[in-house]
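# Survey of secondary and tertiary structure
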Amino acid sequence: MNSSDREQYQPRILVVEDEPLSRDMLVRRLSARKFNVSGFSSAQDAVIDIETTPADLILMDNAMPNLSGVDAVRLIRQHWSPDSLPIIMVSAMIDSTDVIEALDAGANDYVIKPIHFKVLLARVRTALRMKHTVSTLMEAERQRVMMSSLARAAATVAEPMGRLIDELEKLMSDGETDPAKVKQGLTSMLDLTEQAVDVIDQLRKIAGLQNVSYTARMEFLDDITT
């Protein structure tokens, strides 16, 4: 992995907070740590945003207008698991009932206002590490499946290629001059070639699959300063 790989990877964090000063402060301080941060004054807008633009983590204020933070978490958990999209609730309410409700709704963690930024940053890093650890296990399984698929594809393409060589050798050695038989042999070879090309196309698609490396993710988190 080169330095450009590390520069390209920036975890995307959504700050969902209706109070402008608090929202701007979090966006500014997280952006200074090289996170890719977007601020939202509406939980509904944040829910809509992640439908088209993936996020790595959400900081969600509980007391939001129209759609509460807890209700937004419930909507998000219909499509994203806690492992795939961690959510840290941020709220001035310290009642244990509120904390339990948020965690039961699917929040990963809970931070009380006024925010101690170093503590929040530590929790953000922990949540992202857990997310990326799970992602790495999933990537390892994806790689295993991909290698298995490549092995099967190689075996599949070998069969028509072997038959194609046999047909070509037969056509050349027999010295066949009957146009109908020559055409039959060429048609058979064309069919075998098309089968091989189909498999090769599948191999090209598999080879084109790329993910951000685990090393890039972890080194980014290690470089975050408090």
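Attention here is on the structure that accompanies the text. Here the structure is a predicted model, which is why all the values come from computation and not from measurement.

Analysis parameters
- Residues numbered from 1 in each chain as written.
- Predicted model: local features only at pLDDT ≥ 70, side-chain atom pairs only at ≥ 80, totals over all residues.
- Heavy atoms only, no water.
- Helix = DSSP H or I, 4+ residues; strand = E, 2+ residues; numbered from the N terminus.
- Buried < 20%, exposed > 50% of the residue type's maximum accessible area, 1.4 Å probe, protein only.
- Contact = heavy atoms within 4.5 Å.
- Areas by Shrake-Rupley, 256 points an atom, 1.4 Å probe, with all protein chains shown as cover.
- Salt bridge = Lys/Arg side-chain N within 4 Å of Asp/Glu carboxyl O.
- Polar contact = N/O pair within 3.5 Å; in protein donor to acceptor, adjacent residues only side chain to side chain.
- Arc of directions from axis to C-beta.

### Comments concerning the overall build of the protein chain
Scanning the protein chain for helices and strands turns up eight helices and five strands. Listing each helix as α and each strand as β along the protein chain from the N terminus yields α-β-α-β-α-β-α-β-α-β-α-α-α. Relative to its 226 residues, the protein chain shows a buried fraction of 36%. Long-range pairs, those at least 24 residues apart, make up 70% of the contacts in the protein chain with a sequence separation of at least 6. Surface accessibility of the protein chain: about 13,200 Å² in total, with carbon and sulfur atoms responsible for 55%.

### Some details on the pattern of salt bridges
Within this structure, the stated rule accounts for seven salt bridges. For the salt bridge of Arg12 with Asp49, the shortest nitrogen-to-oxygen distance reads 2.8 Å. Taken as a pair, Arg12 in strand 1 (residues 12-16) and Asp49 in helix 3 (residues 43-49) lie far apart in primary sequence, 37 residues in all. Neither residue differs from the other here; Arg12 and Asp49 are each classed as buried. Among the salt bridges present, the one from Arg74 reaches Glu101, with a minimum N-O distance of 3.5 Å. Highlighted residues: Arg74 in helix 4 (residues 69-76) and Glu101 in helix 5 (residues 96-105), separated in sequence by 27 residues. Using a relative accessible area of 37% as the deciding quantity, one classes Arg74 as partly exposed.

### Considering the environment of Arg74
The spacing of Arg74 and Ala102 is 28 residues in sequence and 9.0 Å in space, taken between C-alpha atoms. Once residues lying within four places of it in the same chain are set aside, the contact partners of Arg74 are Glu101 and Ala105.

### Side note on the side chain of Asp49
Classification of Asp49 as buried rests on a relative accessible area of 18%. Side chain to side chain, Asp49 and Arg12 meet in a polar contact 2.8 Å long. Residue contacts for Asp49: discarding those within four places in its chain leaves Arg12, Leu14 and Phe40.

### Some thoughts on helix 5
All of the buried residues along helix 5 are Asp98, Ala102 and Ala105. Take helix 5 and look down its axis: the buried residues cluster within an arc of 65°, on one side only. More than 90 degrees from the buried face of helix 5, the exposed residues found are Thr97 and Asp104. Contacts from the buried residues of helix 5 go to helix 4, strand 4 (87-91) and strand 5 (109-112). In the stretch just after helix 5, Gly106 is the one whose phi turns positive, near 125°.

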